[in-house]
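Working through the structure, step by step
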Amino acid sequence: MRVERTPVSVVCPCYNEEGSIARLVAAVADTFGRRGQAWELVLVNDGSRDATWSAISQASAADSRVVGINLSRNFGKEAAMFAGLSQARGEVVVLMDADLQHPVELVPRMIDLLREDGVDQVVARRTREGDGWLRSALSRLYYRIMGKFMDVELRDGVGDFRVLSRRAVDSLLSMRESNRFSKGLFEWIGFETRTIEYRNVVRGTGTSSWSLGSLFRYGMDGFISFSDAPLRLSIHLGLMAVVLGFGYLVWLFVSWIAHGVVAPGYLTTVAAVILFSGVQMVMLGVVGEYIGRIYREVKNRPIYLTAGRVG
């Protein structure tokens, strides 16, 4: 059966965004209404603890162009984005946050650029106004380091806010991995891309769920998902430990020849044991991270489960 696709689908993952839903729907309706463009808004409730699903249901009842997907629990933003892309019917798909930090008024320019240049992705690169100095510094450092080791290029300030062609969306959906890092997947599929700049917007309601700890875990997920450098580093550390250990044995042998058996040395021995044991534990931890991801992938569980749908 042939599915009739609307020209533009807007996909927004939602987590504790009850205060933003009405404003988001109004902004999308106003933006596309002025262009006379058909649209649908796909809102994915990712196990919110507040009344987000109720707000989505009310918005869908008031406007049939609003589609709501209620996940059975909090699967994380990556799974919520995948769920939204799976339900989007548009030939052009906009991916953005529900908190309006991604300015809706920028979307028409992005869509026009996608169509006029015949590209498959138009991404919005934001400034870091409003971010704390520590968060900004760590982000820049992260992108600088990751650029040297990852299999794909990540650009500072480029996130999930983007416009995708149907070909790009279908390519993303064809990758069924459960350990998803969309920033890397967007780059991995290739296709020609354009970038536009925009100023960071402060949240209108609520607070961000991204703490420094969660950002660090997210960054490590991306690093491990698109790089085997930690495994290679483990090999190098192991070889370094062997060289240091061998050098220490040579030093002990030379010391024995020069001075005979000397009782002192307990401190250096303990220090060497602690050093090499620490290196071994770090290497085991790195290998364990990769094995854990393999374990989750081979179980082949669904990326998300839905508890309801409206619209």
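All values derive from a computational prediction rather than experimental measurement. Once a new chain begins, its residue numbering starts again from 1 and follows that chain's sequence as written. Two thresholds apply to this predicted model, a pLDDT of at least 70 for residue-level local features and 80 or more for giving and counting side-chain atom pairs, whereas whole-chain, interface and lining totals are computed over all residues. Excluded from the side-chain calculations are hydrogens and water; all other atoms, namely the structure's heavy atoms, are used.

**Here we look at the overall build of the protein chain**
What counts here: Here a strand is any run of E in DSSP of at least two residues, a helix any run of H or I of at least four, and the numbering for each starts at the N terminus. For every residue, the accessible area obtained with a 1.4 Å probe (protein chains only) is divided by the maximum for its type, and the residue is called buried under 20%, exposed over 50%, and partly exposed between those limits. In this description, contact between two residues means that some pair of their heavy atoms is separated by no more than 4.5 Å. Here the accessible surface of atoms and residues is derived via Shrake-Rupley with a 1.4 Å probe, and residues count as covered only by protein chains that are part of the display.
On a plain count of helices and strands, the protein chain comes out with 10 helices and 8 strands. Split into buried and exposed, the 311 residues of the protein chain put 44% on the buried side. Within the protein chain, contacts between residues at least 6 apart in sequence are counted, and of these 83% link residues at least 24 apart. Put simply, the protein chain shows about 16,900 Å² of open surface, and 60% of that area lies on carbon and sulfur atoms.

**Here we look at the packing of aromatic side chains**
The description of an aromatic ring pair uses the distance of the two centres, along with the angle that the planes make with each other. Our working definition: For Phe, Tyr and Trp, rings pair up if their centres lie within 6.5 Å, where Trp contributes its six-membered ring, and each pair is then called stacked (planes under 30 degrees apart), edge-to-face (over 60) or tilted (otherwise). Charge-over-ring contacts are defined here by two conditions on Lys NZ or Arg CZ: a distance within 6 Å of the ring centre and an angle within 35 degrees of the ring normal.
Applying the stated criterion to the full structure yields 2 aromatic pairs. Summarising the aromatic geometry, the rings of Phe-161 and Tyr-198 are spaced 5.6 Å apart at their centres and angled 90° between planes, so their arrangement reads as edge-to-face. Placement of Phe-161 in strand β6 (residues 158–165) and of Tyr-198 in strand β7 (residues 193–198) is noted, with a sequence separation of 37 residues between them. Taking relative accessible area as the criterion, Tyr-198 reaches 7% and is therefore assigned buried. Across the ring face of Phe-75, the terminal group of Arg-73 is positioned such that the distance to the ring centre comes to 4.0 Å.

**With respect to a nonpolar patch on the surface**
Note the threshold: Here the term patch refers to residues with relative accessible area over 30% and no salt bridge, with like charges joined within 9 Å and nonpolar side chains (Val, Leu, Ile, Met, Phe, Trp, Tyr) within 5 Å. Salt bridge criterion: a side-chain nitrogen from Lys or Arg within 4 Å of a carboxyl oxygen from Asp or Glu.
Judged by side-chain polarity, Phe-246, Val-250 and Val-254 come together as a nonpolar surface patch covering roughly 290 Å² of accessible area. In this structure, Val-250 sits in helix α9 (residues 229–259). Val-250 gets classed as partly exposed once you look at its relative accessible area, which sits at 40%.

**Quick word on the side chain of His-102**
Looking at the secondary structure, you find His-102 in the loop between β4 (92–95) and α4 (107–117). On the basis of relative accessible area, His-102 is assigned to the buried category, the value being 9%.

**Re helix α1 (residues 21–33)**
Rules: By this rule, a helix spans an expected 1.5 Å times one less than how many residues it contains. In this description, the arc belongs to the directions extending from the helix axis to the C-beta atoms.
The end-to-end C-alpha distance of α1 is 18 Å, a good match for the 18 Å that 13 residues give at a rise of 1.5 Å each. Where α1 is concerned, the buried positions are Ile-21, Leu-24, Val-25, Val-28, Thr-31 and Phe-32. Projected down its long axis, α1 carries its buried residues within an arc of 135°, all on one side. Across from the buried face of α1, at angles greater than 90 degrees, the exposed residues are Ala-22 and Gly-33. Residues of α1 that are buried sit in contact with β1 (8–14), β2 (39–45), α2 (52–62), β3 (66–71) and α4.

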